[in-house]
Amino acid sequence: MTVTEAVQARRSVRGFLDKPVDLEMIARLVELAARAPSGGNLQPWHIDVVSGPALERFKRDIAAKLMAGHRETPAYDIYPSELDDPYRTRRFGVGEAMYGHIGIPREDKAARRMWFARNFAFFGAPVALFCTVGRRMGPPQWSDLGMYLQTLMLLLVEQGLASCAQECWAIYPETVTSFLGTPDHRMLFCGMAIGYEDGEEPANQLRSERAPLGEWTHFHSI
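Quick caveat: nothing in here was measured; it's all calculated off a predicted structure. (Residues numbered from 1 in each chain as written. Predicted model: local features only at pLDDT ≥ 70, side-chain atom pairs only at ≥ 80, totals over all residues. Heavy atoms only, no water.)

Enquirer: Would you mind showing me how to read unusual backbone geometry here?
Expert: Most peptide bonds adopt trans geometry, and most residues besides glycine take a negative phi value. A cis amide bond links Asp85 with the next residue in sequence, Pro86, at an omega value of 10°. Considering the arrangement of structural elements, one finds Pro86 in the loop between α3 (52–67) and α4 (87–102). For Gln43, which is not glycine, the phi torsion reads 50° and is therefore positive. Among the structural elements, Gln43 can be located in the loop between α2 (23–32) and β1 (46–51). The class of Gln43 is partly exposed, set by a relative accessible area of 36%. (Helix = DSSP H or I, 4+ residues; strand = E, 2+ residues; numbered from the N terminus. Buried < 20%, exposed > 50% of the residue type's maximum accessible area, 1.4 Å probe, protein only.)

Here it is, written out as structure tokens:
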């Protein structure tokens, strides 16, 4: 597989097979992904991999909190409070496309909430990953986290695995960091579901669109 093929194949998968994943392979990929660039070679990422009985305990814990209507102070704003165009249109468009694939109309708010709750079960994936970062780190280091996670996701594709990066976990930072035993000087950035794609899951038929090159790129040569 070439890098180009991995980039084209990678996407957010929201339905996984009940098939074990080799944790030794995951460990190798998590380590190899650390070849991603970081300013000053700070390597600001901290990774926790959760699977097996530990993952089941965590999912039961978060499911109970969801049922009880438990709320926490989000770790950060996942989106700007007033998202303007073209970003608002892009976000709305991909959401409607996904719900269209799974057959949930816009007016069925209850069904949409139930679907969104699947995030917190990692869409059935057998492996979960969390990324935390020091609270003193700033936007440049957060961009380093993105480069690490993208590198990891491409390596997963190469091995026939699928993933879904999940910033939604930022709305339950206390639950996650308490479970992981994360020290106070670090904060949660995101989670990730990892496993083998369920080809029968309708949501996995979605191929999100990308804006054309001319909309966001300018070449300056004269």
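Alright, that's what it looks like, and here's the rest.
Enquirer: How should the packing of aromatic side chains be read in this particular structure?
Expert: How two aromatic rings sit relative to each other is given by the distance of their centres and the angle of their planes. Scanning the entire structure with this criterion turns up 15 aromatic pairs. With a centroid separation of 5.0 Å and an interplanar angle of 90°, the aromatic rings of Phe120 and Trp169 are classed as edge-to-face. Pair noted here: Phe120 is in the loop between α5 (109–117) and β2 (127–134) and Trp169 is in the loop between β3 (162–166) and α7 (173–180), with a separation of 49 residues, a long-range link. You can call Trp169 buried: its relative accessible area is 0%. A ring pair is formed by Phe122 and Trp169, whose centres lie 4.9 Å apart and whose planes are at 25°; its orientation type is stacked. Taken as a pair, Phe122 in the loop between α5 and β2 and Trp169 in the loop between β3 and α7 lie far apart in primary sequence, 47 residues in all. Among the aromatic residues, those joined into a ring-pair cluster are Phe58, Phe116, Phe120, Phe122, Phe130, Trp169, Tyr172 and Phe179. In this structure, Arg91 is placed above the aromatic ring of Tyr79, and the distance from its NZ or CZ to the ring centre is 3.8 Å. (Phe/Tyr/Trp six-rings, centres within 6.5 Å; stacked < 30°, edge-to-face > 60°. Lys NZ or Arg CZ within 6 Å of the ring centre and 35° of its normal.)

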